[in-house]
Amino acid sequence: MHFNSLNYIFIFLPLVVAGWALLRTTAYGNLFIALVSLYFYASAELWYLLPLFATALLDYWIGQKVHDAKDRAWAKRMVVISIVANLALLAVFKYTTWLTTSLSGLFAPLGLTIPIILIVLPPAISFYTFQSMSYTIDIYRKEFHPYRNVVDYISFVTFFPHLVAGPIMRARDLLPQLARSRPLPSAQTVSLALFMILFGLFQKTVFADNAGGLVETVVQMMGPGAKTPLPPGIGLIFAYGFAIQIYCDFAAYSTIARGSAKLLNVELMRNFLTPYFSTNPSEFWRRWHISLSTWLRDYLYVPLGGNRGASWFVMRNLMLTMLLGGLWHGAGILFILWGAWHGLLLILYRLVPIDQWLARFGFAGKALAAFIFFHLVCIGWIFFRATPEQIGPIWSSILATPSIIPDLLQRYEQYMPASGAGYGAWSAFIGGVLRGLVSENWYLIVFGWGLVLFAAPVLVFDYLGRRRNEEFPDLFLRMNTVTRAVLALVFLYGIIFFARRQAGEFIYFAF
């Protein structure tokens, strides 16, 4: 079941909220949440529950043992068992097919046959393994105590708003909320929740899905039957389009998840905070997929040594953290390269603080720093989205983009009006330049216009949120009634008239 489906919006969510409201003061309130969350997850395939229960019940049991252990060394061994078991389960489902396929291709020229093992990846396994693993680690660190009620724990692991694609919640932040009897949300909270859900749907169906349509079209242009290379500049459309798609898609999921949880009077952490305005990689990772970046920081980077020690030691920690972050996202060499790229960016900006140099020039310098870093992020998105066969054509198209300029200059000189020329001459000039663009690279004009059409509102919404250091939907409580009503109508009619008719899955369902 998907957040952008009619079944979720008009049937599942209202029934869950109504059922919880009736049972919340009874002993069955949390059991109800756990059961509907399991139904939500298993609605696609029932067997998905097997690895989920294996992870949840193992860590529930280990959490008790770690807390009750008198011997610290024995408690540490139990935590190691939890970590190894979780990572092994994740590796089996996520990397077996990739590894066997790679080994089969590697050894085929030698005459050796390596069987390819095809294993279906359960949705959300990367999310709930990290979430469940942090539970036992926090207990070992004495930062949290275990909950003895297994229903409370299962409801924490499976809580449906964040189960499939996050945010990755810590037990200390979410479990106490679910375990206690909560009052009904206030009218203001309900209003904010509904606004978040509506904005998230608008963000997903209008911005993410339409930008994704551009990306898919570029991919089709590189398909097996392609007879010509990608036209100059189309590679940029691919990079910019996917940057918009993945951000609006994932941020939309997180926003709908937060809104859905608020209807149950539960607070989920913010997962995004205008990341594309970041001027350096450290700021970017404080604003992008915040729940994952803080998880990697607290449970990987800091235990590795963090910022302590010599510079080369810190750089090693940064690179290892980002490489493992890339592997967390998916099996494949390009995910590893994506992680390595962000590791290199973190190291580069430590050695050469470009953003700090440019900040001396005030607002213009900061804007330039954000512009530069955004394009460095887009380079990474090419590795994230493309296949190995598509990397070459995309980069060839990007590098060929300057070849458009000579033709533009020629037409500029050909149609440039004389001094004092009237309206007709200037119209001919503009028309001539545009005709030249269309005749030479029709795809670039059409795709570029589509990109601007959907990117400009995203930029405006994020800029408004950035001014208050909040996400745009969080500004709802600061708006007057008229503004709220107008925006709700804009989003509603935007979904009706501009949403892509071919609804797409949320991207992070694959992780």
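Residues numbered from 1 in each chain as written. Predicted model: local features only at pLDDT ≥ 70, side-chain atom pairs only at ≥ 80, totals over all residues. Heavy atoms only, no water.

On to the overall build of the chain. Summing up its helical and strand segments, the chain has 21 helices and zero strands in all. At 25 Å, the chain has a C-alpha radius of gyration in line with the 24 Å of a compact globule built from 511 residues. Taking the principal axes of its C-alpha atoms as reference, the chain extends roughly 90 × 70 × 50 Å. Buried residues in the chain amount to 52% of all 511 residues. A separation of at least 24 residues holds for 75% of the contacts in the chain among residues at least 6 apart in sequence. Here the chain has roughly 23,900 Å² of accessible surface; of this, 68% comes from carbon and sulfur atoms. The chain carries 37 positive and 24 negative side-chain charges, and their two centres are separated by 6 Å. (Helix = DSSP H or I, 4+ residues; strand = E, 2+ residues; numbered from the N terminus. Rg over C-alpha atoms; globule rule 2.2 N^0.38 Å. Buried < 20%, exposed > 50% of the residue type's maximum accessible area, 1.4 Å probe, protein only. Contact = heavy atoms within 4.5 Å. Areas by Shrake-Rupley, 256 points an atom, 1.4 Å probe, with all protein chains shown as cover. Lys, Arg positive; Asp, Glu negative; His and termini not counted. Charge placed at Lys NZ, Arg CZ, Asp CG, Glu CD.)

Attention shifts here to helix α8 (residues 171-179). Taken together, the buried positions of α8 are occupied by Ala171, Leu174, Leu175, Gln177 and Leu178. Looking down the long axis of α8, one finds its buried residues gathered within 160° of arc, a one-sided arrangement. Looking at the packing, one finds that the buried side of α8 touches α2 (29-42), α5 (125-140), α6 (150-158) and α7 (160-163). (Arc of directions from axis to C-beta.)

Turning our attention to the packing of helix α3 (residues 49-68) against helix α4 (residues 72-107). Packing of α3 against α4 leaves a shortest axis separation of 9 Å and a crossing angle of 170°. Judged by the inter-axis angle, α3 sits roughly antiparallel to α4. Along the contact surface, α3 presents Pro51, Thr55, Leu58, Asp59, Trp61, Ile62, Lys65 and Val66, while α4 presents Trp74, Ala75, Met78, Val79, Ile81, Ser82, Ala85, Asn86, Leu89 and Phe93. Counted by class, the contact of α3 with α4 contains 13 nonpolar, three polar and two charged residues. (Axes fitted to C-alpha atoms, helices over the stretch in contact; angles between N-to-C directions. Parallel < 35°, antiparallel > 145°, perpendicular 65-115°, else oblique. Nonpolar A, V, L, I, M, F, W, Y, C, P; charged D, E, K, R; others polar.)

Structural measurements only, silent on function.
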